[in-house]
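Examination of the molecular architecture
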Amino acid sequence: MARLPLIFAPDPRLKKVATPVSSVDAPLVGLIDDMLETMYAANGIGLAAPQVGELQRVIVVDIAGKNEPPQPFGLVNPEIIWADDTLTTYNEGCLSLPEQYSDVVRPQAVRVRYLDRHNQPQEVQADGLLATVLQHEIDHLNGLLFVDHISLLKRNMILRRLKKWKKAGDDV
Ligand code: GNR
Ligand code: NI
């Protein structure tokens, strides 16, 4: 397993539509495990392959709390096949937009079809935080960030703050 370097907005790779995986093979399982390691190291609860520069339709999630056993989840070619009409608001963050947060409105529950690490089709129905994170990660596969769901004013504010954050880091 290896930790992969994260990329940050406005990297153009974060705006691309990722390619479907044709079959889940050993190298792809390796990518899933490296993404899980990268997510845990960054204290994230989700990670999409484009965030490590891999334009493939692969996401990982683990929303288990600090004092719970880990629940690693790898989803390949995830697809939302049902979304609740009821919406919910969550204060979202993103490893590609470090230290920036905003309320985002999304369906409060979704059903997702995907391939697991054994190349088997699976479905998961989720609500609450897991539903939010699954939608956030699937957005990444379609070139969308959480800031694409908020007002232009708030988006520009966040992108401007991020530029400052990057500059401060470069100066160290
Ligand atoms: O770690 C993360 N936390 C989070 C909090 C609220 C809504 C979504 C997320 S996902 C984010 C990790 C990430 O950027 N995944 O793409
Ligand atoms: Ni993200």
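Refer to the structure presented above.
Below: a short report on this structure.

Rules used throughout
Residues numbered from 1 in each chain as written. Chains lettered and ligands numbered in written order. Predicted model: local features only at pLDDT ≥ 70, side-chain atom pairs only at ≥ 80, totals over all residues. Heavy atoms only, no water. Helix = DSSP H or I, 4+ residues; strand = E, 2+ residues; numbered from the N terminus. Rg over C-alpha atoms; globule rule 2.2 N^0.38 Å. Contact = heavy atoms within 4.5 Å. Areas by Shrake-Rupley, 256 points an atom, 1.4 Å probe, with all protein chains shown as cover. Lys, Arg positive; Asp, Glu negative; His and termini not counted. Charge placed at Lys NZ, Arg CZ, Asp CG, Glu CD. Near = heavy atom within 4 Å. Polar contact = N/O pair within 3.5 Å; in protein donor to acceptor, adjacent residues only side chain to side chain. Nonpolar A, V, L, I, M, F, W, Y, C, P; charged D, E, K, R; others polar. Expected span 1.5 Å × (residues − 1). Buried < 20%, exposed > 50% of the residue type's maximum accessible area, 1.4 Å probe, protein only. Donors = N, O, S within 2.8 Å, 3.2 Å for Na, K, Ca; no water.

The number of helices and strands found in the chain is three helices and seven strands. Put simply, the chain runs from its N terminus to its C terminus through helices and strands in the order α-β-β-β-β-β-β-β-α-α. In terms of overall dimensions, the chain is globule-like: its C-alpha atoms have a radius of gyration of 16 Å, near the 16 Å expected for 172 residues. By its C-alpha atoms, the chain is 45 × 40 × 35 Å across when sized along the principal axes. Looking at the chain alone, contacts between residues at least 24 apart form 65% of all its contacts between residues at least 6 apart. If you sum the accessible surface of the chain, you get close to 9,300 Å²; carbon and sulfur atoms cover 53% of it. Of the side chains in the chain, 18 bear a positive and 22 a negative charge, and the two mean positions are spaced by 9 Å.

Okay, the site of ligand 1 next. The full set close to ligand 1 counts 13 residues, and Ile45, Gln51, Leu95, Glu137 and His140 are the nearest of them. One of the backbone N or O atoms of Ile45 is found 3.0 Å from an oxygen atom in ligand 1. In the environment of ligand 1, a nitrogen atom lies 3.2 Å from a nitrogen or oxygen atom belonging to the backbone of Gly46. Taking 390 Å² as the accessible area of ligand 1 by itself, protein coverage stands at 91%. If you list the elements that add at least two residues to the shell around ligand 1, you get strand S4 (87-92) and helix H2 (128-141). Per-class residue counts for the shell around ligand 1 are four nonpolar, seven polar and two charged.

A word on helix H1 (residues 26-41). Across its 16 residues, H1 extends 23 Å between first and last C-alpha, which sits within 8% of the 22 Å expected from 1.5 Å per residue. Turning to H1, its buried residues are Leu28, Val29, Leu31, Ile32, Asp33, Asp34, Met35, Leu36, Thr38 and Met39. Against the buried residues of H1 lie strand S1 (46-48), strand S2 (58-61) and strand S3 (73-83). Asn43, located one to two residues past H1, shows a positive phi value of around 55°.

Bound to the nickel ion (ligand 2) are the protein donor atoms Cys94 (SG), His136 (NE2) and His140 (NE2), situated 2.1 to 2.4 Å from the metal. When its relative accessible area of 9% is taken as the criterion, Cys94 is described as buried. His136 sits in the buried class, given a relative accessible area of 9%.

Another aspect to go through is the environment of Val76. Position of Val76 among the secondary structure elements: in strand S3. Taking C-alpha positions, Val76 is 5.9 Å from Arg57, a pair spaced 19 residues apart along the chain. The contact partners of Val76, leaving out residues within four places of it in the chain, are Val21, Val24, Leu28, Ile32, Arg57, Tyr114 and Leu115.

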